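# Working through the structure, step by step
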Amino acid sequence: MKKSNFVALVLGTVSGVLFALGMCMALLPEWNAFKPGVIFGTVGIVLGIITVLVWRKMENKAPIKISGKGVGVVVLAIVGALTLGLGMCFCMVWENIILGTIIGLVGIIALLMLIPITKGIK
């Protein structure tokens with residue numbers, strides 16, 4: 001494993017854990033920790049962005065250029081993840097298994113569409 005990949009692995013894991021913990025703290029009223037949760041989530045997001053920048057610098061890659069396709073891919077990823085999460089909420093929180101499964105599958109399909117959009121089909 002290359003040094004840059006190891007650094008990205010460690011930083012990415014730490015940022016993901018901080019973001020997930022922050023989301024739990026902010027969104028679970030039983031924890032009564034909304035403000036610290038927002039802080040933890042924000043630190044996780046910032047560390048995730050720093051991870052990408054550090055990894056690209058270590059790999060000697062050019063800075064990220066924003067394009068219409070890139071924005072579309074990010075929007076599709078966000079919509080797919082939120083749709084999958086909504087389906088999970090329907091199943092686990094609101095106990096509507098059939099509708100939750102259908103919504104979750106739509107989210108999974110949206111996320112799977114990212115592969116051919118970004119890598120192409122050969």
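This section reports on the structure supplied with the text. (Residues numbered from 1 in each chain as written. Predicted model: local features only at pLDDT ≥ 70, side-chain atom pairs only at ≥ 80, totals over all residues. Heavy atoms only, no water.)

### Regarding the packing of aromatic side chains
Evaluation of the coordinates by the stated rule reveals 1 aromatic pair. Ring geometry for Phe90 against Trp94: centres 5.1 Å apart, planes inclined by 80°, an arrangement best described as edge-to-face. Given a relative accessible area of 51%, Trp94 falls into the exposed group. (Phe/Tyr/Trp six-rings, centres within 6.5 Å; stacked < 30°, edge-to-face > 60°. Buried < 20%, exposed > 50% of the residue type's maximum accessible area, 1.4 Å probe, protein only.)

### Points about the side chain of Thr51
Checked against the element boundaries, Thr51 lands in helix α2 (residues 34–58). The buried category is assigned to Thr51, whose relative accessible area is 9%. A polar contact of 2.7 Å, which involves the side chain of Thr51, links it to the backbone oxygen of Leu47. Non-local contacts of Thr51, meaning those with residues more than four positions away in its chain, are made with Ala8, Leu11, Gly12 and Ser15. (Helix = DSSP H or I, 4+ residues; strand = E, 2+ residues; numbered from the N terminus. Polar contact = N/O pair within 3.5 Å; in protein donor to acceptor, adjacent residues only side chain to side chain. Contact = heavy atoms within 4.5 Å.)

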